[in-house]
Amino acid sequence: MISRQYSIRMLPTEILENIFSMLDLEDLHQAVLVCRKWRQVGENPRLWKRNGFGHLEILVESDLEFLDTRRLQHIEELILDAEAQLGRSDIKLLIKSVEKLDRLKYLDIPRSNLSSFKPARLAKIVSKLVALDISNCCLTNKQVEAILKVLSENSKMENLHISDNDLSTVEPDVLAIAANKLLGLEMNGCHLTSEQGRAIFNRMSDETKLVSLRVFESRIDLSSLEPDVLATALNKLEIVDGCFWNLTDHQTRAIFKQMAQYSKLRVLRISYTNMSAVNPSILASAISMLEKIHVDYCRLTEDQGEALLNRISEGTKLTELNISGTN
């Protein structure tokens, strides 16, 4: 007489997969320990993805070992914890594993020294992703040029965080095309040149997919950009986070005049910009349409402050207002 245990182990692979698909994570862990066949079937990455294994966070070096397991080959999101301390060899293993993850869409590895990798190798990884955080990764000029070039040509990328890497050598047109193909872009402290800034906003005023732009503390000089061009570009976005842009009076007036008439902006940070030349009623009307506004250290006048407070008292969408540095 055939034992019950033996008959279960002899079940066809398809049936075993159907049974395993109904198990929770704890039971699936136990099932793969029963025998070699059950482990082979149970390690199917589809089964683990159903149980939440579409995401992996690297907390310590030993977590890197999981990346080579079959059960994780369908993960879509890989995050390096902010406190994780990986050495050069660990980073090499991480990148090697990332190259094998064909379904990976979201890669978050800030503060990883990637300077030793060939530019073409990094660019190939970037080309298959939807979202990427490589801020403060010690990228070389050749690497950022290769990455931005592939993003400007053919890429699935929607959100890029590339802050604290030097982008000053990237061709202005290449950077402008890549930036405006994205939905979200953060490039804080990237040493952007005036030519790059003009190229980005000129293209943005004509056509862009951008929803969110964060260029904070880059000290980029936009003073030579046509006021109406800059105003049109910024008011196409929903989130703008910037400061030290060295804007002229004509530019600030154009931005808020356009904003008061029609704008998609919901969140605006435009710190350390002289806004004293903007008409108080126009400024108040524009700001009242926002949800969050940071105009700290913007030299607001007493008339502007009074107009703004009066407008707020009448009721606005504002949930957050920062006017630090205003007398």
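Structural notes, computed from the coordinates. (Residues numbered from 1 in each chain as written. Predicted model: local features only at pLDDT ≥ 70, side-chain atom pairs only at ≥ 80, totals over all residues. Heavy atoms only, no water.)

## Focus: the overall build of the chain
Then, number 1: On a plain count of helices and strands, the chain comes out with 14 helices and 11 strands.
Then, number 2: When burial is assessed residue by residue, the chain has 45% of its 327 residues classed as buried.
Then, number 3: For the chain, long-range pairs separated by at least 24 residues make up 72% of all intrachain contacts whose partners lie at least 6 apart in sequence.
Then, number 4: Element-wise, carbon and sulfur atoms account for 48% of the exposed surface of the chain, whose accessible area totals about 16,800 Å². (Helix = DSSP H or I, 4+ residues; strand = E, 2+ residues; numbered from the N terminus. Buried < 20%, exposed > 50% of the residue type's maximum accessible area, 1.4 Å probe, protein only. Contact = heavy atoms within 4.5 Å. Areas by Shrake-Rupley, 256 points an atom, 1.4 Å probe, with all protein chains shown as cover.)

## Here's the deal with the nonpolar core
Then, number 1: Counting residues in each nonpolar core, the largest one holds 83 residues, and the members touching the most others are Leu114, Met187, Phe201 and Phe256.
Then, number 2: Top contributing element to this core by residue count: helix H8 (residues 141-153), with 6 residues. (Core = buried A, V, L, I, M, F, W, Y, C linked by side-chain atoms within 4.5 Å.)

## Concerning the environment of Ser212
Then, number 1: Looking at the element boundaries, Ser212 is found in strand S7 (residues 212-215).
Then, number 2: Residue Ser212 is classed as buried on the basis of its relative accessible area, which comes to 14%.
Then, number 3: Distance from Ser212 to Val267, taken between C-alpha atoms, is 9.2 Å for residues 55 residues apart in sequence.

## Remarks on the pairing of strand S8 (residues 239-243)
Then, number 1: Burial runs high along S8: 5 of the 5 residues are buried.
Then, number 2: Of the two faces of S8, the one holding Ile239, Asp241 and Cys243 and the one holding Val240 and Gly242 are both buried throughout.
Then, number 3: Looking at chain direction, S7 and S8 are connected through 4 bridges and run parallel. Paired with Val215 across the bridge in S8 is Gly242.
Then, number 4: Inspection of the sheet shows S8 paired to strand S9 (residues 267-271) by 5 bridges, in the parallel sense. Across the sheet, residue Cys243 finds its bridge partner in S9, namely Ser271.
Then, number 5: With helix H12 (residues 249-261) bridging S8 and the parallel S9, this β-α-β connection has right-handed handedness. (Pairing = 2+ DSSP bridges. Right-handed = clockwise from strand over helix to strand, strands pointing away.)

## Details of the pattern of salt bridges
Then, number 1: Inspection of the entire model under this criterion finds 9 salt bridges.
Then, number 2: The residue Glu186 makes a salt bridge to Arg214 at a minimum N-O spacing of 3.7 Å. Taken together, the residues span a long stretch of sequence, with Glu186 in strand S6 (residues 184-186) and Arg214 in strand S7 at a distance of 28 residues.
Then, number 3: Glu186 sits in the partly exposed class, given a relative accessible area of 24%. (Salt bridge = Lys/Arg side-chain N within 4 Å of Asp/Glu carboxyl O.)

## A short note on the side chain of Thr252
Then, number 1: The topology assignment puts Thr252 in helix H12.
Then, number 2: Classification of Thr252 as buried rests on a relative accessible area of 1%.
Then, number 3: Within the structure, the side chain of Thr252 is placed 2.9 Å from the backbone oxygen of Asp249, a separation counted as a polar contact.
Then, number 4: When sequence neighbours within four positions are dropped, the list of residues in contact with Thr252 reads Leu247, Thr273, Asn274, Met275 and Val278. (Polar contact = N/O pair within 3.5 Å; in protein donor to acceptor, adjacent residues only side chain to side chain.)

## Some thoughts on a nonpolar patch on the surface
Then, number 1: A grouping of Ile15, Ile19 and Met22 is seen on the molecular surface, where their side chains present a nonpolar patch of about 300 Å² in accessible area.
Then, number 2: Of note, Met22 is situated in the loop between helix H2 (13-20) and helix H3 (25-31).
Then, number 3: Here Met22 falls in the exposed class, since its relative accessible area comes to 69%. (Patch = residues over 30% accessible without salt bridge, like charges linked within 9 Å, V, L, I, M, F, W, Y side chains within 5 Å.)

## Some points on the state of the cysteines
Then, number 1: Applying the stated rule across the entire model yields 0 disulfides.
Then, number 2: Cys138 carries a free sulfur, and the closest cysteine sulfur to it, the one in Cys137, is 7.3 Å from it.
Then, number 3: Cys138 gets classed as partly exposed once you look at its relative accessible area, which sits at 42%.
Then, number 4: Left without a disulfide partner, Cys243 is nearest to the cysteine sulfur of Cys298, which lies 9.3 Å away.
Then, number 5: On the basis of relative accessible area, Cys243 is assigned to the buried category, the value being 1%. (Disulfide = S-S within 2.5 Å.)

## With respect to the packing of H12 against helix H13 (residues 280-288)
Between two packed helices, what matters for the description is the angle formed by their axes and the separation of those axes.
Then, number 1: Packing of H12 against H13 leaves a shortest axis separation of 8 Å and a crossing angle of 55°. Here H12 lies oblique to H13, going by the angle between them. Considering the relative orientation of H12 and H13, their crossing is left-handed. Across from Phe256, Lys257, Met259 and Ala260 in H12, the residues of H13 making contact are Ile282, Leu283, Ser285, Ala286 and Ile287.
Then, number 2: Taken together, the residues that form the contact of H12 with H13 break down as 7 nonpolar, 1 polar and 1 charged. (Axes fitted to C-alpha atoms, helices over the stretch in contact; angles between N-to-C directions. Parallel < 35°, antiparallel > 145°, perpendicular 65-115°, else oblique. Left-handed = near helix turned anticlockwise from the far one by under 90°. Nonpolar A, V, L, I, M, F, W, Y, C, P; charged D, E, K, R; others polar.)

## Side note on the pairing of S7
Then, number 1: Relative to S7, S6 runs parallel, the two sharing 3 bridges. When the bridges of S7 are listed, Gly184 appears paired with Ser212.
Then, number 2: Note on the crossover from S6 through helix H10 (residues 194-206) to S7: the handedness is right-handed.

## Some details on the packing of H8 against helix H9 (residues 172-181)
Then, number 1: Two elements in contact, H8 and H9, have axes whose closest approach is 8 Å; the angle formed by their N-to-C orientations is 60°. Between H8 and H9, the angle is such that the two are oblique. Handedness of the crossing formed by H8 with H9: left-handed. Residues Leu148, Lys149, Leu151, Ser152 and Glu153 of H8 lie in contact with H9, whose contacting residues are Val174, Leu175, Ile177, Ala178 and Lys181.
Then, number 2: Here the residues of the contact of H8 with H9 sort into 6 nonpolar, 1 polar and 3 charged.

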